[in-house]
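Okay, here's what each chain looks like letter by letter:
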Amino acid sequence: MRITLPSGTPAAIARPSGAATDGPPPMGLVIAPDIFGLRPLYDDLVARLADEWNMTVCAVEPFPGRALGSDVEPRFAAVPGIDDDLHLRDLLEAADLIAPTSGVGLLGFCLGGMYCHKAARSDRFARIVSFYGMIRVPAGWASAIQGEPLQHLAAGHPERVLAIVGGQDPYTPAADIEALEATGVTVVRYPQAEHGFAHDSSRPGHRPDDAADAFARAHTWLTTA
């Protein structure tokens, strides 16, 4: 189901099948999507994880109010305009909506994985999983409102973060992964995997076995305090 957060940002939400309509919600999970934003892939993902993981799940649009289409170039060009603080506000609003009194986790992919690193500066997320999130802001994305993930991690809770990375991913080179681990983040490497290998089965670099393993690790991390 699509909803609108108090900020006006669109989101997709799902609750476990048969979940009670009153009382405290089950554990909440906020999802930060990849650069292509909310689309049917995320409607399906929030519904699947809600049932499989018994959580209320909400995915948040990273480009609210922007009609960017399906081509990647205008989306790459729009990233410098994402304000770290406003994006974190949206993630926190989703967290408060789905789990106002109970634990909440954060999971993100690609661009969303980078914002998972940045969100570690907040106390709100008990556990965070970044799938192939950028560890340093790419040169073409740099702006005054884009802080560096490593700096946000160092100022926050790196010990709460699990980073899932591919060994063939140009967005997470070996030197950056070492810097990420130095902050206290737990890193799991998939040596033969490329960028985006886990969450979208239509991608040519999708690796079903690695994806299944990565999602299992993500679930364990999110549910083990």
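Quick look at the structure, then. Worth saying up front: this structure is predicted, and the values here are computed from it rather than measured.

## What about the overall build of the chain?
Okay, step 1: Each helix and strand in the chain was counted, giving seven helices and eight strands.
Okay, step 2: Scaling as 2.2 N^0.38, a compact globule of 225 residues should have a C-alpha radius of gyration of about 17 Å, and the chain matches this with 16 Å.
Okay, step 3: With the C-alpha coordinates of the chain rotated into their principal frame, the extents come out at 50 × 35 × 35 Å.
Okay, step 4: Buried positions account for 52% of the 225 residues belonging to the chain.
Okay, step 5: A fraction of 71% describes how many contacts in the chain between residues 6 or more apart in sequence connect residues 24 or more apart.

## Description of the pairing of strand S4 (residues 56–60)
Okay, step 1: The element S4 is largely enclosed, with a buried count of five among its five residues.
Okay, step 2: Because side chains alternate across S4, one face comprises the buried residues Thr56, Cys58 and Val60, and the other comprises Val57 and Ala59, equally buried.
Okay, step 3: Here strand S2 (residues 10–14) runs beside S4; their pairing, made up of four bridges, is antiparallel. Bridge pairing in S4 places alanine 14 opposite valine 57.

## Focus on the packing of aromatic side chains
Aromatic rings considered in pairs are described by the distance between their centres and by the relative angle of their planes.
Okay, step 1: Taken as a whole and judged by the stated rule, the model has nine aromatic pairs.
Okay, step 2: On the basis of an interplanar angle of 55° and a centroid distance of 6.5 Å, the ring pair of tryptophan 53 and phenylalanine 215 is categorised as tilted. With a gap of 162 residues between them, tryptophan 53 in helix H1 (residues 40–53) and phenylalanine 215 in helix H7 (residues 208–223) connect regions that are remote in the sequence. Across this residue pair, the class does not change: tryptophan 53 and phenylalanine 215 are buried.
Okay, step 3: Taking the centre distance of 6.1 Å and the plane angle of 45° together, the rings of phenylalanine 109 and phenylalanine 215 count as tilted. Taken together, the residues phenylalanine 109 in strand S5 (residues 104–109) and phenylalanine 215 in helix H7 connect sequence positions 106 residues apart.

## Overview of helix H6 (residues 174–182)
Okay, step 1: All of the buried residues along H6 are Asp176, Ile177 and Leu180. The arc that holds the buried residues of H6, viewed along the axis, is 100°, so those residues lie on one side. Along H6, exposed side chains directed more than 90 degrees from the buried face belong to Ala174, Ala175, Glu178 and Ala182.
Okay, step 2: On its buried face, H6 is in contact with helix H4 (111–119), helix H5 (149–154), strand S7 (161–166) and strand S8 (186–190).
Okay, step 3: In the stretch just after H6, glycine 184 is the one whose phi turns positive, near 110°.

How each quantity is defined
- Residues numbered from 1 in each chain as written.
- Predicted model: local features only at pLDDT ≥ 70, side-chain atom pairs only at ≥ 80, totals over all residues.
- Heavy atoms only, no water.
- Helix = DSSP H or I, 4+ residues; strand = E, 2+ residues; numbered from the N terminus.
- Rg over C-alpha atoms; globule rule 2.2 N^0.38 Å.
- Buried < 20%, exposed > 50% of the residue type's maximum accessible area, 1.4 Å probe, protein only.
- Contact = heavy atoms within 4.5 Å.
- Pairing = 2+ DSSP bridges.
- Phe/Tyr/Trp six-rings, centres within 6.5 Å; stacked < 30°, edge-to-face > 60°.
- Arc of directions from axis to C-beta.

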